[in-house]
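Tertiary structure, described
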Amino acid sequence: MNLPFTLVLLYNAFRDHVRSAFIANITVGLATVWALRTAFQATGKKSRTTKLRGPKSNNLLFGVSKELFETTDMGGMFEAWSKEYGVAYEIPMIFGEKRIALCDPRAVAHLFSKDTWAYFGMKGMKEAVARRIGKGLLYGEGESHRRQRRTMGPSFNSTAIRKLTPAVHKAIDKMKAAWEASIEASGGDSVVLDVQKWMNYVSYVRSVYHSGGFLMFFSLDSFGIAGLSYDFNSLNGEPNPMISVLDSFAEGTPQSAFSIAVAVLILFFPIAMHIPTHRNQMFDQLHRQMTELCDALIDNANANRDAGEHVSTINLLLRAEDEDSGQRISREEVLSQLRTMLIASYETTSMTMTWALLELARHPNIQTKLREELLSFGGEPSYDQLTNDLPYLDAVVLEILRLRPSVPELLREAAEDDVIPLSEPVQTKSGEFVDSIVVERGTIFTLPVSCINRSEAIWGSDAKVFRPERWLEPDGITKKAQEVKGHRHLLSFGDGPRTCIGKAFALAVIKTELSMAIRNFVLEMKDGPDTKVELSRGITLRPKIVGEEGIKVPLRIRRYKG
């Protein structure tokens, strides 16, 4: 069997089925792909990759991929499998593809140390990123990724953040005034606000404003006027199409089994992005809106290049040169980087801040302890003070990042053969115990962040409990957790060459927002401490209050009166 020729025929046939957009044709195409893949596996060469044990497939076509996509507790699934099969195991995915899950700090550190060179992003995922965001930092590998990080780095370092302190404090005052005005308008001493919606605006502004050269947290108006001489009028109720699309994603509209199947299929056959499911159409609309906004930001930056000394991401990118050619980087690459920052910052930071406010409302004793630290400090903390002088605030933020990582798993594909060390032996299918696994090029790995961050085997028996004190106690972080090499022993920002470039900015956003909110207001669950919270899938998994419409997280906000 001529495998390359057959794959080309298969791809062309599948493309024709997809573009016809008839479910019957697509189903036939999927069945054909599955049958041919099974035949290739049966006739292909024997893999040298270590044969690991793992869960059985519960679906002939999709393996456990559909179950993983649908669950709201992916980390729990991976942890249960780890308890049964060990720290490295094999999971069956779509069309018979096998994937290795690594729940072992040593193995994960090994992969991250070689990231972008010996291990790449999964091909299907990269194609999805290219179509929906662009060939920016999330897409780049190897030397291309290194060059892009070097170009963008100056906009994300501590020096840049310190210069933004006056603009940050101005935005804080505007946000505080908006909350106080809402309380005043209610006619009482409190008001119920949907903090998820507020945090969406916070993070959207933070990402866009940083793109323009400032780190503004709390309103599109502040971003536009102070950063780019452009007024969004968001606080005056004027709609913004970019936020409308992102909010629609966040609403977590229920998806059909077919839509879920297509979402899984995209990882293996990117052409499935052309299937007109609701989720695919939303991504296309989001790409259009992001491009329109980023085009406007670039045009504004070009028009005002000599108007001031804005050390902004846009201006740095517009001035950046390719090391090999000496030419300025293209407008399309600048667009790709801005779209990357918009989607990454909006979705991940807003979700983290929503969880932070929610957990503090659910744990009034922790909220009180945090307020006492912030009030005893006195004044508005600077960036350096937020980073170094408020230990309980730091502990609260770390505990939120540990329990509620915005990205539940990371996927990597081996670009070359390798041997991965393990911190403890695992049993193979043959019954042998090994302390390392052999992998060949093309092997796909999942690094379950939500499992490793919350695993009882790593963090102890209280791993699922929101307990900031663990970060302050002498033995609060277990020896096993200390083996995790990410930021403060967490994988929430990834690790290695691909560690989140905006990590310092994200931490500054979250700490500044919490400092303002807790010093000035008391947060309570609207319907009492027993209010139930569930998860809803948008671009990421977001919290929502059970019984509320959409993904609302209404909290009761009171002025703190001392």
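Residues numbered from 1 in each chain as written. Predicted model: local features only at pLDDT ≥ 70, side-chain atom pairs only at ≥ 80, totals over all residues. Heavy atoms only, no water.

**Observations concerning the overall build of the chain**
Secondary structure summary: the chain contains 22 helices and twelve strands in total. Sorting the 562 residues of the chain into buried and exposed places 55% on the buried side. Sequence-distant contacts in the chain: of pairs separated by 6 or more residues, those separated by 24 or more amount to 72%. Put simply, the chain shows about 23700 Å² of open surface, and 53% of that area lies on carbon and sulfur atoms. (Helix = DSSP H or I, 4+ residues; strand = E, 2+ residues; numbered from the N terminus. Buried < 20%, exposed > 50% of the residue type's maximum accessible area, 1.4 Å probe, protein only. Contact = heavy atoms within 4.5 Å. Areas by Shrake-Rupley, 256 points an atom, 1.4 Å probe, with all protein chains shown as cover.)

**Notes on the confidence of the model for the chain**
Per-chain confidence: the chain averages 79 in pLDDT, with 76% of residues scoring 70 or above. When mean pLDDT is taken per element in the chain, helix H19 (residues 391-403) scores highest with 97 and helix H11 (residues 220-228) scores lowest with 38. Segment residues 1-24: pLDDT under 50, and 28 contacts once partners within four positions in sequence are set aside and those in other chains are kept. Within the model, pLDDT remains below 50 along residues 204-232, and this stretch shows 119 contacts once partners closer than five positions in the same chain are excluded. (pLDDT = per-residue confidence, 0-100.)

**Considerations on unusual backbone geometry**
Non-glycine residue Arg488 carries a positive phi angle of around 50°. The backbone of His489 shows a phi angle near 70°, a positive value even though the residue is not glycine.

**A closer look at helix H17 (residues 364-377)**
Taking 1.5 Å per residue, 14 residues should reach 20 Å; H17 reaches 20 Å between its end C-alpha atoms and fits that length. Those residues of H17 that fall on the buried side of the exposure criterion are Ile366, Gln367, Leu370, Arg371, Glu373 and Leu374. Across the axial projection of H17, the buried residues extend over an arc of 160°, all falling on one side. H17 presents Pro364, Asn365, Glu372 and Ser376 as exposed residues on the side facing more than 90 degrees away from its buried surface. (Expected span 1.5 Å × (residues − 1). Arc of directions from axis to C-beta.)

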